[in-house]
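Coordinate inspection notes
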Amino acid sequence: MSDSQSFQPVLLEAVGVENGHSLESYRSRGGYAPLEKLLAEKQPPEVVEMVKSSGLRGRGGAGFMTGLKWTFLPKDHPGPIYLCVNADESEPGTFNNRILMEDDPHQILEGTIISAYATRASTAYIYLRYEYPQSWNSLQAAIDEAYAAGYLGQNIKGSGFSLDIYLHRGAAAYICGEETGLIESLEGKRAWPRIKPPFPAIEGAFRKPTVVNNIETMACVAQIARRGVDWFRSIGVPADPNNPRDPGSYGPKLYCLSGHVEKPGCYEAPLGITARELIDRFGGGVWKGRRAKAVIPGGISMGLLSEAELDTPLDFAGPGKAGCLGLGTAAVVVIDETVSIVDFLHNSCRFFAHESCGQCTPCREGTSWSLRMLERIRAGKGRLKDLELLAEIGSTMGMMPGSTICGLADGAAWPIKNAIAKFRDEFEEYIKQSNPTGYMETDPVPALPILSAH
Amino acid sequence: MIAQRKVLTDEMVAQIEALAPRYPTKQALTLPALHIVHDELRHVPLDAVVEIAQLLDLAPAEVQDTLTFYQFFHQEKPHGKVRAFVCRSISCALRGGEQVLDHLCSQAGIKPGETTPDGSLTVEPAECLGACDFAPCMLAGDDLHKDLTPEKADQFLNTVRGGAS
């Protein structure tokens, strides 16, 4: 395994390169040659096998095995099969897709073309969030170049394989990052996630077999094709031999570091770097010489690591062992010791109340209710009982307790659960000090109007 | 039925129709069509919803359903000449994003979500803009404003006001 000290960036190799986003630059770095070789030499099932054996796990948040996902497509389907590339990156703290699309769009396209070939898709839609106009321009320019160079369109490089890639613009809704929400949105509807099964591989976009993969996953596919399965598996954390269900965490990963660090940015490291090493070595430490109070390990929906848990490795299995939801998008947000954990949780609850799509009652009501309680606590009317109520909401909304269709509510629940479990003393102190006469009340109280949600 | 269009121009219709070969259904053109109208008019009035529906063989309610789901689209009146989204999600909030939002709004004399009386600017709070490496940030038109401070917000406001006069 390569260690994080000697590791050289691969996914980010174009960053800082003059005209790194151009076709010419991408080719000069070895790009598209692997695609041509692969189209000439490999059949689609061999490409699926290559990605499967690399151990690549989806980079969008859930960490599902990419190659395995592809095998769920029906065999010998007459088509069409669709590939949707998820560029609706909206998880708070996350911006690695943006950097990939702006700085190295051809890497995304090569990965997309290879993935489409493997899955026998003839149309790929890149669902791009509205908030990324520069990514739109950069990707569209790259698509135009790729068509002109014969990497897209009919009969790509004489292989008989044809592919069109289209950009599809979102309209500022977090839920479109959920794969079936994305599909509904692509179809022109409100982005209400679908009940599964059927999974998209069986019935997805336009009722046809569909694969949805993240932008960074596409970049990884391009690099696996260029550098090989063995290279990919030499990076990261191998599967735990004592856990037959652990597929390991292989490959490089883009970590987005933001919040209270000296040098926020997107950094590439082998999967498994610890939060502390990331913050200290890449981020220049917590800003202003302060200490971290808490760190979000992978986007706000993953919950919180306490300062004592910063040696947690950021691989797919690590954050879960510290009680977090998972690695998520690997967006690490540092919260320093001066921040009130009540304010943090208010910000988190407001986000999810705003972004709940409203389809499932436990999520729609739970996210809104938790925000109302946080508003009341911050207004000096909190009760200790509210912590029990918040914990109850946290443990009852979501896919895991089985009360919602998609995972948005799990993401809303985890910051609540982690914050209360890991910072309970601070909550209690805040409530007692801000509401000295009423903190022991247990009778129902009217909610305050939400001032800041919409 | 050939209806007399009141809102959609021939150009908009041509733009929408040009995208049709990309999708296997007409309904998939809903979001692109809404964007095309919104880009031009800065809102999508009800008449436009009806006309988009006619164009796509949908019920107006289907288009309206989609439009209202996405908070992005204004309907009753156009947003300002410049539309600024100020991020309030966690990475920006930790670095003063909400103060910038409040400052910008108070200097512009509006509340978040409102448009200045001269129609030059709409300021809206946004959830994560995906530019946390430049927190706090703001997206105004196609321009990402990075590492905002109240002073930078003032400069932005001056530019916007200058542009409107």
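Fair warning: this is a prediction, and the values are worked out from it, not measured in the lab. Every chain is numbered on its own, with residues counted from 1 as its sequence reads. Chain A is the first chain written and ligand 1 is the first ligand written, with later ones labelled in order. Only residues with pLDDT of 70 or above have their local features reported here, since the model is predicted, and side-chain atom pairs are shown and tallied only from 80 upward, although totals for entire chains, interfaces and linings are computed over all residues.

So, the overall build of chain A
The test is simple: Labels follow the DSSP assignment, with helices taken as runs of H or I lasting at least four residues and strands as runs of E lasting at least two, numbered in each case from the N terminus. Using C-alpha atoms as the atom set, the radius of gyration is obtained and then compared with a globule rule of 2.2 Å times the number of residues to the power 0.38. Here the C-beta atoms are placed from the backbone, and a residue counts as buried if at least 20 other C-beta atoms lie within 10 Å of its own, exposed if 12 or fewer do, and partly exposed otherwise.
In terms of regular secondary structure, chain A is built from 17 helices and eleven strands. A compact globule built from 454 residues would reach a C-alpha radius of gyration of about 22 Å, and chain A, at 23 Å, matches this within 12%. Split into buried and exposed, the 454 residues of chain A put 56% on the buried side.

Quick word on the domain arrangement of chain B
Our working rule: Domain segmentation is taken from an automatic or database assignment of domains.
We note that the domain assignment places domain 1 (10–69) and domain 2 (82–164) within chain B. Each of domain 1 of chain B and domain 2 of chain B was reduced to a C-alpha centroid, and the two centroids are 29 Å apart.

What to know about the sheet that holds strand S8 (residues 265–270) of chain A
Residue and element names in this part refer to chain A. For clarity, the cut-off: At least two bridges found by DSSP between two strands are what make those strands a pair. Any pair of residues counts as being in contact when their C-beta atoms, constructed from backbone geometry, are within 7 Å of one another. Axes here mean lines fitted to C-alpha atoms, for a helix over just the part in contact, with angles spanning 0 to 180 degrees between N-to-C directions.
Spatially, the five strands line up as an open sheet ordered S8-S7-S11-S9-S10, and their pairing is mixed. A single partner strand is all that each edge strand has here, and the edge strands are S8 and strand S10 (305–306). Inspection of the sheet shows strand S9 (residues 292–296) paired to S10 by two bridges, in the antiparallel sense. Residue Ala294 lies in a different strand from S10, and its bridge partner there is Ser306. Relative to strand S7 (residues 252–259), helix H11 (residues 275–282) is tilted by about 70°, and along the sheet it contacts S7, S8, S9, S10 and strand S11 (331–336).

Digging into the domain arrangement of chain A
Residue and element names in this part refer to chain A. Rule in force here: Any residue outside Ala, Val, Leu, Ile, Met, Phe, Trp, Tyr, Cys, Pro, Asp, Glu, Lys and Arg is labelled polar, Gly included; the first ten of those are nonpolar and the last four are charged.
Partitioning chain A into domains gives domain 1 (23–235), domain 2 (251–336) and domain 3 (341–434). Each partner contributes residues to the interface: domain 1 has 15 residues there, and domain 2 has 18 residues. Broken down by secondary-structure element, the contributors of at least two residues to the side of domain 1 that touches domain 2 are helix H5 (96–103) and helix H9 (215–227). Within the side of domain 1 that touches domain 2, the residues separate by chemical class into seven nonpolar, five polar and three charged.

Topic: unusual backbone geometry
All names here are of chain A. Each neighbour pair has its own omega, and for Gly79 with Pro80 the value is -5°, a cis peptide bond. Geometrically, the link from Lys196 to Pro197 is a cis peptide bond, its omega value of -5° lying close to zero. Its location among the elements puts Pro197 in the loop between helix H8 (179–186) and strand S4 (210–214). Phi angles above zero are rare outside glycine, and Tyr32 is one such case at about 70°.

Concerning helix H7 (residues 133–148) of chain A
All names here are of chain A. Stated formally: Helix span, expected: 1.5 Å multiplied by one less than the number of residues in the helix.
Compared with the 22 Å implied by 1.5 Å per residue over 16 residues, the 23 Å span of H7 between its first and last C-alpha is a close match. Regarding H7, the residues found buried are Ser135, Trp136, Ser138, Leu139, Ala142, Ile143 and Ala146. Buried residues along H7 sit in contact with H5, helix H6 (105–119), strand S2 (123–128) and strand S3 (164–169). The first or second residue beyond H7 is Gly150, which carries a positive phi of 80°.

Some details on H11(A)
Residue and element names in this part refer to chain A. The cut-off we apply is this: Note that the arc is defined by the directions from the helix axis to the C-beta atoms.
Every buried residue belonging to H11 is among Ala275, Leu278, Ile279 and Phe282, and all of these are buried. An end-on view of H11 places all buried positions within 110° of arc, on one side of the element. Its buried side turned inward, H11 meets S7, S8, S9, S10 and S11. At the C-terminal side of H11, Gly284 shows a positive phi close to 70°.

Overview of the pairing of strand S1 (residues 82–87) of chain A
Residues and elements named next belong to chain A. When you tally the buried positions in S1, you get six out of six residues, the bulk of the element. Because side chains alternate across S1, one face comprises the buried residues Tyr82, Cys84 and Asn86, and the other comprises Leu83, Val85 and Ala87, equally buried. Note: S1 against S2, six bridges, orientation parallel. Across the sheet, the residue bridging to Val85 is Ile126, located in S2. Of the strand pairs in this sheet, S1 and S4 are connected by five bridges, and their pairing is parallel. Across the sheet, residue Tyr82 finds its bridge partner in S4, namely Thr210.

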